[in-house]
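The primary structure of each chain is shown beneath.
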Amino acid sequence: MRGWPPCDRLLRMGLFYKNKFMMKFFSVALSALLLGGNAFSQQQNLVPFVKPIIGTQRMGHTYPGATVPFGAVQLSPDTDTVPYEVNGRYNPEVYKYCAGYQYDDKTIVGFSHTHFSGTGHSDLGDFLVMPTVGELKLNPGTADKPRSGFRSAFSHNNETAEAGYYKVRLDDYNILAELTATNRVGFHQYTFPKSDEAHIILDLMSGIYNYEDKNVWTFLRVENDTLVTGYRQTSGWARTRTVYFALAFSKPFVAYGNRNYSRRQTYRGFWGKWDQSKDFPDLAGRQLRAYFDFKTGEGEKIKLKFALSGVSTEGARLNLRTEAPGWDFEQIKTAAQQSWNRELNKIIVDASREEKENFYTAMYHAFINPTQFMDVDGKYRGLDQNVHQAKGFTNYTTFSLWDTHRALHPLFSIIQPKRNADMVKSMLAHYDQSAEHMLPVWSHYANENWCMTGYHSVSVLADAVIKGATSFDAAKALEACVTTARHRSYEGVGLYMDRGYIPADKNGSATSTTQEYAYDDWCIAQLAKKLGRTAIYNEFMQRSQNYKNVFDPSVGFMRARLSDGSFKKGFDPLSTANQGFIEGNSWNYSLYVPHDPKTLVQLMGGNRRMREHLDSLFTMELPDKFFAETEDITRDGIIGGYVHGNEPSHHVAYLYNFTDQPWKTGERTRMILKHQYKPTPDGLGGNDDCGQMSAWYIFSSLGFYPVAPGSDRYDIGSPAVNHAVLKLENGKLFEISTINQSDHNVWVKSIALNGKPLNRRYITHSEIMQGGRMVFTLSAEPPNQAAF
């Protein structure tokens, strides 16, 4: 065994012993090696492996700024002011700015306090702050004429992005900007040159996916020469969103003012008695930019603390006093990075530097959303726009459920079960407050935005109950799921219930929505079965078979079906346009039956036909014209015809497990990991979608994946890490180890679970949560038989 890596030597020595005491000895020794000498308590510094800049170029739509795990504040630079519409029409250029930042841009407009991570549509970008010196400019300027406004040039050579910390030099002003955050407070630190004309601009107009009428109203109140409060109401992706703030300065400003860019109001009352443009403390309007003037010495630091609340300005002030009472920037930064270390240490991996950067950045992105949405006293704004008190749970928002039900929430079920339970309670609170009596579809900031298809919150609720969550009312969860799924007036549900499918002449995404409803209905059935509700189980198991009604055996694909029962003419399985599928084509969506893959294999014509379909998907040539009309799919996220850059196909590589060539699952997943994830700004092949793309990476790197959330099963692939230790909330450890790990050894030769051969292609949730050790022996050659 000389020359083998230390972990490999321990593993091989351990396998020679059948004595339980010796097996336990080697297990503990291996854990100690992986965890730095103390298997149970020592925390590693994993922050250096997090690269928030990953995904900020091209399609990733991530942001590089400062936030804490699941934090309400996401303080990050915005690099342009591209509007949502131009001349009354959608402006496709805005899509690049879903997170406010694009790596290729040369200027920074300012630093705003709310951002989505990895989405393909957007909102937010609230309360942009920009420090400047010299002549006061209150227009941001444009990318082609940056000096016409207050934006500044910057260089990536002078930019640092870490978990919980961001730094950049604003070249046009010679100002060093540093950002960190608590849960509800963004902390700015600006190092100024000597100047008698130093300014802090507060832009209440700026926003992401912005347009002229998006601001419904803004309000700003100068409480004293170091404290400003206010709010902003917007109508965008969230139709009725109100965000309150409290802004504290470390140094009194010497003067202040504003410019109101609102179109002339029909009624203005008697406020014309005042000159409101300068040193006036009570401002309101739709389009306001304010400024605060200072005199600075060389190298002088001016600090800002910017607290948010969904409830009131008093709530924002309470958040400010509670979370950031002092002015020690380094203390807040250290606390932010410690909070990230606590979360990152939930999984310890041994891998190459590049793989560790990918892995821990994926964990970082996975732990940004959903975000907490309540004040420190537990008050939060609900879907009914009333103020509620969270009793016994933390309220969350930012539920991108079409994406995150697939792998992010199942990941939370393993390593964040308490948080996941609180997210379920937040969804149930949403249901209680919903005028439509529905669970969330895609919700943020006390608003339902109805984006995407399906009712995938039922998957999250069912998955949590099936996997043992007991801190919420499971019967209430079932009631909410059933009521949501029986809502006949919602997106074809009535037609789906009556006909068993949604006709394509009634709905543009009818085919894929039928398939998604069928999966969601299976989840409801599993929850009903768990609770002994036989009638509901039978109803929804029958509905879960509706996917068969959009399968056309004459062509071997899922296909749009019309109201008269016929299949739509002009079928093209490669095209994403007008074929009845949302953000995908039939070649990919024909494999979307995650809850019934064995039957799918038979529908497709058996093992050989299924393998041929899968093999062709990964190896075909897909011309650009077939996805030209779908902005969420680009060449970056495509391998052959397989679309990894969008979510509906994330389970597809694992479907080989249901054929007579299961070893191809590992071959494909290892190829996807290498092809679609890199530790570079353009390192994500598609939108990270609030952590779903990252959750796929985490699961697949560990060697298993939840093909059908709502079951207790994780299907096995091929681990890419050398070793991993999952530190579970119940105090137990689950270890994953590999023998013969290399980029070439992607096939699984055998698996041992707790010292015994595992002769199946899945592992259960309870086996993970009981703790133990899973050892993969890898090979450079595929096995000669279906068993591992």
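**Q** Help me understand the packing of helix 5 (residues 353-366) against helix 18 (residues 692-702) in this model?
**A** A pair of packed helices is characterised by two quantities: the angle between their axes and the separation of those axes. Where helix 5 contacts helix 18, the axes come no closer than 8 Å and their chain directions differ by 135 degrees. For the element pair helix 5 / helix 18, the angle class is oblique. Remark: the crossing between helix 5 and helix 18 carries left-handed chirality. Contacts between helix 5 and helix 18 pair Glu355, Asn358, Phe359, Ala362, Met363, His365 and Ala366 from the former with Ser694, Tyr697, Ile698, Ser701 and Leu702 from the latter. Of the residues in the contact of helix 5 with helix 18, the class split is seven nonpolar, four polar and one charged.

**Q** What am I meant to see in the pattern of salt bridges here?
**A** Pairing between side chains of opposite charge can happen when the charged atoms of each approach one another. Applying the stated criterion across every chain yields a total of 35 salt bridges. Across the pair arginine 611 and aspartate 660 runs a salt bridge, and its minimum N-O distance is 2.7 Å. Placement of the pair is arginine 611 in helix 16 (residues 607-619) and aspartate 660 in the loop between strand 31 (642-643) and helix 17 (663-676), with a sequence separation of 49 residues. By relative accessible area, arginine 611 is classed as buried at 16%. Sharing partners across several salt bridges, the network here consists of Asp123, Asp126, Lys214, Arg232 and Arg241.

**Q** I'm lost on the sheet that holds strand 33 (residues 713-716) in this one. Help?
**A** Think of a sheet as strands paired side by side through backbone hydrogen bonds, with each pair either parallel or antiparallel. Reading across the sheet, the three strands line up as 32-33-38 and stay open at both edges, with antiparallel pairing between neighbours. Edge positions in the open sheet fall to strand 32 (704-705) and strand 38 (762-764), since each of these has one partner strand only. Pairing of strand 32 with strand 33 involves two bridges; the strand directions are antiparallel. Its bridge partner lying in strand 33, phenylalanine 704 is registered against isoleucine 716.

**Q** Hey, could you run me through the pairing of strand 9 (residues 165-170) in this one?
**A** Each regular strand shows side chains that alternate between the opposite faces of the sheet. Bridging between strand 8 (residues 159-162) and strand 9 involves four bridges; their strand directions are antiparallel. Each residue of the ladder has a partner; that of glutamate 159, found in strand 9, is valine 168. Between strand 8 and strand 9, which pair antiparallel and follow one another directly, the connecting turn spans two residues, one of which, glycine 164, has a positive phi of 80 degrees. Two strands pair when backbone bridges link them, and strand 9 and strand 10 (residues 175-181) are joined in this way by five bridges, in the antiparallel orientation. By the bridge assignment, valine 168 is partnered in strand 10 with alanine 177.

The rules behind each value
- Residues numbered from 1 in each chain as written.
- Predicted model: local features only at pLDDT ≥ 70, side-chain atom pairs only at ≥ 80, totals over all residues.
- Heavy atoms only, no water.
- Axes fitted to C-alpha atoms, helices over the stretch in contact; angles between N-to-C directions.
- Helix = DSSP H or I, 4+ residues; strand = E, 2+ residues; numbered from the N terminus.
- Parallel < 35°, antiparallel > 145°, perpendicular 65-115°, else oblique.
- Left-handed = near helix turned anticlockwise from the far one by under 90°.
- Contact = heavy atoms within 4.5 Å.
- Nonpolar A, V, L, I, M, F, W, Y, C, P; charged D, E, K, R; others polar.
- Salt bridge = Lys/Arg side-chain N within 4 Å of Asp/Glu carboxyl O.
- Buried < 20%, exposed > 50% of the residue type's maximum accessible area, 1.4 Å probe, protein only.
- Pairing = 2+ DSSP bridges.

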